[in-house]
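Working through the structure, step by step
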Amino acid sequence: PAVALEWKDCEAVEAEGSEVQEGGRRRLLVFEAQAGPGAEAEVNVRCRGALELTAVSLVKDGEETILGTWKLDFPGKEMHEVELQCAIDLNGLFSVSKAAVCTGKEQAEAEAKAAAEVKAKEEEE
């Protein structure tokens, strides 16, 4: 079955690709149904304050099973980029193995891109 993360639909949590569900919740698909043991995914969300997530197993006929719930506390004054490492282990169990605030990620990506452009120009000469 597919696995998704859900949270209360509010201004304090944003994730690209998430969809509004009934009951005032948002859902982000993490693994498609064909994902098997050993699958890993990086999920990026923006949040402010406590992030309460629920992992849900989705079956074709619309049946859902709650796999687990996590509450992650982050500083509440401003939005933070948060990276979640999710996995399905060899026994088929879903987990969130790491959650970290990404500071300076955009700057690091811009610096890496600039360095690659400089290297490409040097190779042309």
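By convention here, each chain's residues receive numbers from 1 onward along its written sequence. In keeping with the predicted nature of the model, local features appear solely for residues at pLDDT of at least 70, side-chain atom pairs appear and are counted solely at 80 or more, and the whole-chain, interface and lining totals rest on all residues. Calculated side-chain values reflect all of the structure's heavy atoms, with hydrogen atoms and water omitted.

Quick look at the nonpolar core
The nonpolar side chains of soluble globular proteins are, as a tendency, buried together. Remark: nonpolar core denotes a set of buried residues (Ala, Val, Leu, Ile, Met, Phe, Trp, Tyr, Cys) joined through side-chain atoms within 4.5 Å. Relative accessible area decides the class of each residue, using a 1.4 Å probe on protein chains only: under 20% of the type maximum gives buried, over 50% gives exposed, and in between gives partly exposed. Core analysis: the biggest nonpolar cluster contains 24 residues, and Leu5, Phe31, Leu84, Cys86 and Phe94 have the highest contact counts within it. Secondary structure elements with two or more residues in this core: strand S1 (2–8), strand S4 (25–31), strand S5 (40–47), strand S6 (51–58), strand S8 (80–88) and strand S9 (94–101). The criterion used for residue contact is that any of the two residues' heavy atoms lie within 4.5 Å. Not counting residues within four places of it along the chain, the set of residues in contact with phenylalanine 31 comprises Ala2, Val3, Ala39, Glu40, Ala41, Cys86, Ala87, Ile88 and Phe94. In DSSP terms, a helix is any run of H or I states spanning at least four residues, a strand is any run of E spanning at least two, and both are numbered starting from the N terminus.

A look at the sheet that holds S5
In short, DSSP must find at least two bridges between two strands for them to pair. The sheet built from four strands is open, its strands ordered S2-S5-S8-S9 with antiparallel pairing. What marks the edges here is a single partner per strand, and that holds for strand S2 (13–14) and S9. Where S8 and S9 come together, seven bridges link them in antiparallel fashion. Counterpart to isoleucine 88 in the pairing with S9 is phenylalanine 94.

With respect to the sheet that holds S1
Ordered by their spatial adjacency, five strands build an open sheet running S3-S4-S1-S6-S7, and the pairing between neighbours is antiparallel. On the outer flanks of this sheet lie strand S3 (19–21) and strand S7 (64–72), each paired with one strand and no other. Direction aside, the axes of adjacent strands within the sheet are offset by 35 degrees on average. Taken together, the eight bridges between S6 and S7 define a ladder with antiparallel strand orientation. Considered in S7, the bridge of leucine 53 is made with tryptophan 70. Geometry is summarised by axes, namely lines fitted to C-alpha atoms with helices restricted to the contacting stretch, and by angles between N-to-C directions that run from 0 to 180 degrees.

Comments concerning the environment of lysine 8
With respect to the helices and strands, the residue lysine 8 is situated in strand S1. Residues lysine 8 and cysteine 102, spaced 94 residues apart in sequence, show a C-alpha to C-alpha distance of 22 Å. Those residues within four positions of lysine 8 in sequence are excluded, and the remaining contacts are Gly24 and Arg25.

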